[in-house]
Amino acid sequence: MANLSLRSIYKKYPGGVVAVSDFNLEIRDREFIIFVGPSGCGKSTTLRMIAGLEEISEGELYIGDRLVNDVAPRDRDIAMVFQNYALYPHMTVFENMAFGLKLRKVPKEEISRKVEEAARILDISHLLDRKPKALSGGQRQRVALGRAIVREPQVFLLDEPLSNLDAKLRAQMRTEISKLHKKLGTTFIYVTHDQTEAMTMGDRIVVMKDGFVQQVDSPQNLYESPVNQFVAGFMGSPQMNFVDAYLRKIDGKYNVEFGWNERKQSGKKYYVELPESKVDEAVLSDYVDKEIVMGIRPENIHDEEMFISAAKTGICDADVEITEMMGAETYLYLLVEGISLTARVSPRSTARPQDNIKIALDPNKIHIFDKETERTIVN
């Protein structure tokens, strides 16, 4: 069994710098879990503490039922894959993959069997006699993965392994690593700052910011039900639109009001009426006539006539600043009463820069955040 338990883990450096604070997480056997967040959020530091490359300042780390805080990295039964591959340039692919097993005095026949099996899984059998300089970036990454596979560890730790690859190869390797996880049936812990990698690969995602865990959830739940504004903005590309607004109660219905600038006393007032499914009277009643932040994802802003004619509220006039044709979709960069919005619309959209168009915001997809705490009020 390779379940992991991180209990109140801290990493403190001299001078009072706290890189990771009160990190708690239960990782199930065979789970593919992703640590994601911006640079400096503590995700790689946490991975290195699991590996034993960084000392744990406070807290307990269990692999299986064994407390491993003071166990040397080589005795933790884990394998780590780095972003820079860390291959020995003077050794062949075979020798690179076999190196760790040789150090452990594994018999030659067994080394050959394990290396050849790993090479077959990774489709690099034809490269075993080459040296790293003769390989592409994707091939080097496979060799680094192969070196980890031959050790048959309980846990794989992958620290931004695809960040040195170009976009096309990165997408291909994402698929390969997901397949590899299913094939090996081992626990994978994967660090990335790329939320697309996180959304497409992980069973669960740990979103981190400033050393703190913000939310741990499935990709779908993180996207649809973020616990705060940071998670909402970090997950999704293009990111969620945030609009300063007010919550109003009109004829017994809750409405989000935006557009009108209270300080400048200018602009049009637009309203999005919250559907019953989003109304929790006990929560919303405290926010009536107060400033809030409205969130809406680009794909929930529509410029098609069928949406606009069906909408009762949330219809706005928008100036088109820029259009980006992406093939299967088009991004519109809009201005509504000085508020910047991004819409992801059909490639059939006829909107062009300098056009003034009507758009409709889907009221069923509105998120509301507390202006001060940034905590989610409505998902």
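Note that the coordinates shown come from a computational prediction; the quantities given were computed from them, not determined experimentally.

A closer look at the sheet that holds strand β16 (residues 315-325)
- Read across the open sheet, the 5 strands follow the order β15-β19-β16-β17-β18; overall the sheet is antiparallel. Since the sheet does not close on itself, it has two edges, and those belong to β15 (301-302) and β18 (339-345), each with one partner.
- Both strand β17 (residues 330-336) and β18 contribute to a ladder of 7 bridges, which runs antiparallel. For Tyr331, the partnering residue across the bridge sits in β18 and is Arg344.

What to know about the nonpolar core
- Counting residues in each nonpolar core, the largest one holds 46 residues, and the members touching the most others are Met97, Ile177 and Met235.
- Apart from residues lying up to four places away in sequence, Ile177 is in contact with Phe32, Leu145, Leu158, Pro161, Leu162, Phe188, Tyr190 and Met201.
- Ile296, Ile359, Ile366 and Ile377 belong to the second largest nonpolar core, which has 33 residues in total.

A short note on the environment of Asn164
- When you line up the elements, Asn164 lands in the loop between β7 (155-159) and α5 (167-184).
- For Asn164, a relative accessible area of 46% corresponds to the partly exposed category.

A short note on the pattern of salt bridges
- A full pass over the atoms with the stated rule returns 18 salt bridges.
- Across the pair Lys371 and Asp244 runs a salt bridge whose closest N-O atoms are separated by 2.8 Å. You can see Lys371 sitting in the loop between β20 (367-370) and β21 (376-378) and its partner Asp244 sitting in strand β11 (residues 241-250), a full 127 residues away along the chain.
- In this structure, Glu281 engages Lys249 in a salt bridge whose closest nitrogen and oxygen atoms are separated by 2.9 Å. Of this pair, Glu281 sits in helix α9 (residues 281-284) while Lys249 sits in strand β11, placing them 32 residues apart in sequence.
- The exposure class of Glu281 is partly exposed, given its relative accessible area of 41%.
- Members of the salt-bridge network, linked through shared partners, are Lys11, Arg48 and Glu54.

What about the side chain of Glu257?
- Structurally, the position occupied by Glu257 is in strand β12 (residues 253-258).
- Judged by its relative accessible area of 3%, Glu257 is buried.
- A distance of 2.9 Å separates the side chain of Glu257 from the side chain of Arg248, its partner in a polar contact.
- For Glu257, the contacting residues outside a window of four places in its chain are Ala245, Tyr246, Arg248, Lys269, Tyr270 and Tyr271.

What counts, and where the lines are drawn
- Residues numbered from 1 in each chain as written.
- Predicted model: local features only at pLDDT ≥ 70, side-chain atom pairs only at ≥ 80, totals over all residues.
- Heavy atoms only, no water.
- Pairing = 2+ DSSP bridges.
- Helix = DSSP H or I, 4+ residues; strand = E, 2+ residues; numbered from the N terminus.
- Core = buried A, V, L, I, M, F, W, Y, C linked by side-chain atoms within 4.5 Å.
- Buried < 20%, exposed > 50% of the residue type's maximum accessible area, 1.4 Å probe, protein only.
- Contact = heavy atoms within 4.5 Å.
- Salt bridge = Lys/Arg side-chain N within 4 Å of Asp/Glu carboxyl O.
- Polar contact = N/O pair within 3.5 Å; in protein donor to acceptor, adjacent residues only side chain to side chain.

Function cannot be inferred from these measures alone, as they are strictly geometric.
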